[in-house]
Each structure stands twice: as structure tokens, then as C-alpha cells.
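Working through the structure, step by step
Here is how the chains run, residue by residue.
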Amino acid sequence: MATTVGPPELLEVATGVWAYVQPDGSWMINNTGLVTADAGFLMVDTTSTEARNRALLARVAEVAGTAAPRALVNTHHHGDHTYGNWLLPAATPVIGHVHCREDVLAAGLIAAQLFAGPDYGQLEIRPPDVTFSHRLTLHLGSRQVELIHVGPAHTRSDVLAWLPDDGVVFAGDLAFNGGQPFLLEGSLAGFLRALAAVRALEADVLVPGHGPVCRGSEIARVLDDMTAYAEFVAEVAAAGHRSGRPPLAAAQAADPGRFGDWQEAERLVGNLHRAYSELDGEPLGTRIPLPPAVADMTTMNGGPITCLA
Ligand SMILES: [Zn+2]
């Protein structure tokens, strides 16, 4: 991991469409989006700590003004994408998949407890108050934002925010650029299908949930990397499951090759917990208790998993 990390950047990825990118994209350090139009603006996701959320909202106000956002979209339920929901005006609807609402409420503040390090400040849980099951199109003046459920993949509630006229997709945590994907709360089989759905959009710009923005051929490279990693997890899981090795032993015995150089290499064992669930025949997206799997990741990490402030 880099010893110094730069400040967040607000990048205009298409006219009036912005990505808020927080280096270094590691645990709880995510990206968000801003879509502006004559008719107002909407945001895609918030971030983790109170300080990071207040910095995000201040930066958004510089570009989009101080009026209330027309809407906030949550790409999935994780705290690094939803802990700032409560800081938006009550009049701004928070929109997410029906499972996103359920899982924001079920998870509460567990991510802040499992991933220590930063001062999270004041946190309040605010789930989506507008939910949908498959697709929803938002019309922001002439600008169209298509919300497409592609879970279970990273979680049960993954939603793409796709701007077809601009060729921009906010992919949420289907795409980690520089880090290992994390499938413990989603599905390995579903992740491969979701990646295919992202690929089919033929986007010009892909904003990952973590890591630098991708453009042009970089998009195929990242999607190929995510796919290759998922296939690697499936191979390790099949061999480990067949030989009766628990996920931790299978992860420790595996040669991660190039994937071992990616950030958050300890996610491998969490992903094996998910793959084993599917090999056991459990329905995709079945809930897996987090603490034992996170304990295994802590062992893989060689000590507590800490986050940047
Ligand atoms: Zn996530």
C-alpha cells in the first residue's frame, strides 16, 4: 500500500457528469458520482466517515450549487457507500434496490465495527426510501439515468447507474480497480453474470466503486481482470471443497499469482466462504455471518484490518 495518499478528486468524466475518486480505494475508501442537468442534480452513493461525507458534500456544492439534490442513488448497501445518506436533506429521496434497504437496516453500523481505524464521527442509518426490483429510469431533465439491478454479485443489491447518452456507467463495487473483488455478501456465480452485463453496455467511461476511473480499453482490461480473478476463486474453491479443507486452509495453500499483488489480498478467504456456500448448494446470495469470515480475513492479513482515516 502507498505510504502517502492524495486527496479526493472530482473529475468530470463527461459533460456535467462527475466522479468523486478517493485514493487509494482500499477498505471503506470508495468513489461516488454526481450527475448534473438543467433540472437539478443527483448523486450516486455517499462515503464512509462523517468527515469524508462532509468533504464530499462541500465539493459537490462547489460544482452543483447548494440546492438539495433531486435524488441520491445507492449502488448497494455497504456502509462506505451509504453512511452519508442521513446527511442529505430529508426531501431528497434515497433510491436503491429493495435488498439494499433491507441490508442497510440489517447491517446497521457493523462495517464501522469490523473495519476500525478511522474516526467515523457521527453516523446514522438512513436506508433507501424509494426501492425497486429490476430496473428504474430517472429522467433528470433531458438526461437519462438507468438503474439496473445486476445482483447478487458483490452484494444482493448491486445496481448499475448507466447514462446511455453519455456512455458512463457507475459500476459500484462490481469493479475494484487495483483491489481484489469482495463477494462474501454476494455471489461468485452472479458476479460473473454481472460482469457480462457491464461489458454489454459498451461504456466509454466506467467509474469503479474503488480505484481510478477507467476509459476505453482500460474498461475491458479491468473487466477481464475481475473475470479472471473470479475464475481463480472458483478453481481454488472447487479443489478445497473437494478435499474437505476449510476456506482458510484452502486460501493459505493457494498460489494467488498476480492477484496476490492486488490490494486487500485477504479478501480471497472471504470469497472462498461465498464460493463454498454455492458449492454446498445454498441459494445465491444466502446470508453468511460476517464475523467468522472477517476473522479468517484478519488471519490472512496477518493482523487486524485497518482503514485509512
Ligand atoms: Zn461494497
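Residues numbered from 1 in each chain as written. Predicted model: local features only at pLDDT ≥ 70, side-chain atom pairs only at ≥ 80, totals over all residues.

**What about the sheet that holds strand β12 (residues 205-210)?**
Put simply, the test is: Think of it this way: DSSP has to see at least two bridges between two strands before they count as a pair. Under the DSSP-based scheme used, a helix requires at least four consecutive residues in state H or I and a strand at least two consecutive residues in state E, with every element numbered from the N terminus. Contacts are defined on C-beta atoms placed from the backbone: any two residues whose C-beta positions lie within 7 Å are in contact. Throughout, an axis means a line fitted to C-alpha atoms (over the contacting stretch in the case of helices), and angles, computed between N-to-C directions, take values from 0 to 180 degrees.
The six strands lie next to each other as β8-β9-β10-β11-β12-β13, forming an open sheet whose pairing is mixed. On the outer flanks of this sheet lie β8 (135-140) and β13 (214-215), each paired with one strand and no other. Sheet topology places strand β9 (residues 143-149) next to strand β10 (residues 159-163); four bridges connect them, and they run antiparallel. Within the sheet, the bridge partner assigned to Leu147 lies in β10 and is Ala161. Along the sheet face, helix α5 (residues 188-201) touches β10 and β11 (168-176) and points at about 155° away from the line of β11.

**Quick notes on the sheet that holds strand β7 (residues 130-132)**
Spatial strand order, β1-β2-β3-β4-β5-β6-β7: seven strands in an open sheet with mixed pairing. Of all the strands in the sheet, the pair left with one neighbour each is β1 (9-14) and β7. Neighbour-to-neighbour, the strand axes of this sheet turn through a mean angle of 25°, independent of strand direction. Sheet analysis places β1 next to strand β2 (residues 17-21), joined by five bridges and oriented antiparallel. Counterpart to Leu10 in the pairing with β2 is Tyr20. On the sheet, helix α1 (residues 50-64) packs against β1, β2, β3 (32-37) and β4 (40-44) and is oriented at approximately 20° with respect to β3. With respect to the sheet, helix α3 (residues 98-107) is in contact with β6 (94-97) and β7, its orientation differing from that of β6 by roughly 100°.

**Re the environment of Ser157**
Following the sequence through the fold, Ser157 ends up in the loop between β9 and β10. Sequence separation of Ser157 and Leu42 is 115 residues, and the distance between their C-alpha atoms is 20 Å. Not counting the four nearest positions on each side in its chain, Ser157 is found in contact with His76, His77, Gly96, His97, His99, Cys100, Asp103 and Gly151.

**Quick look at unusual backbone geometry**
Rule in force here: Counts of 20 or more other C-beta atoms within 10 Å of a residue's own C-beta define buried residues, counts of 12 or fewer define exposed ones, and intermediate counts define partly exposed ones; C-beta atoms are placed from the backbone.
With an omega of 0°, the peptide bond running from Pro23 to Asp24 counts as cis. Locating Asp24 in the fold gives a position in the loop between β2 and β3. Note the cis peptide between Gly151 and Pro152, where omega equals -5°. Structurally, the position occupied by Pro152 is in the loop between β9 and β10. Residue Met28 is not a glycine yet carries a positive backbone phi of 70°. Overall, the presence of 26 C-beta atoms within 10 Å leaves Met28 in the buried class. For Glu264, which is not a glycine, the phi torsion comes out positive at approximately 55°. Locating Glu264 in the fold gives a position in the loop between α7 (247-253) and α8 (267-279).

**Here's the deal with α3**
Residues of α3 that are buried include every one of His99, Cys100, Arg101, Asp103 and Val104, and no others. Next to the buried residues of α3 lie α2 (79-82), β6 and β7. Looking at the residues trailing α3, positive phi occurs at Gly108, about 55°.

**Structural notes on the nonpolar core**
In summary, soluble globular proteins display a tendency toward joint burial of nonpolar side chains. Going by this rule: Think of a nonpolar core as buried Ala, Val, Leu, Ile, Met, Phe, Trp, Tyr and Cys residues, each tied to the set through C-beta atoms within 7 Å.
Judged by nonpolar contacts, the single largest core of 77 residues is most densely connected at Leu160, Ala161, Val169, Ala171, Leu206 and Leu272. Ranked by residue count, the leading element in this core is helix α6 (residues 217-242), at nine residues. Contacts of Ala171, omitting those with residues within four sequence positions, involve Leu160, Val198, Leu206, Val207, Pro208 and Gly209.

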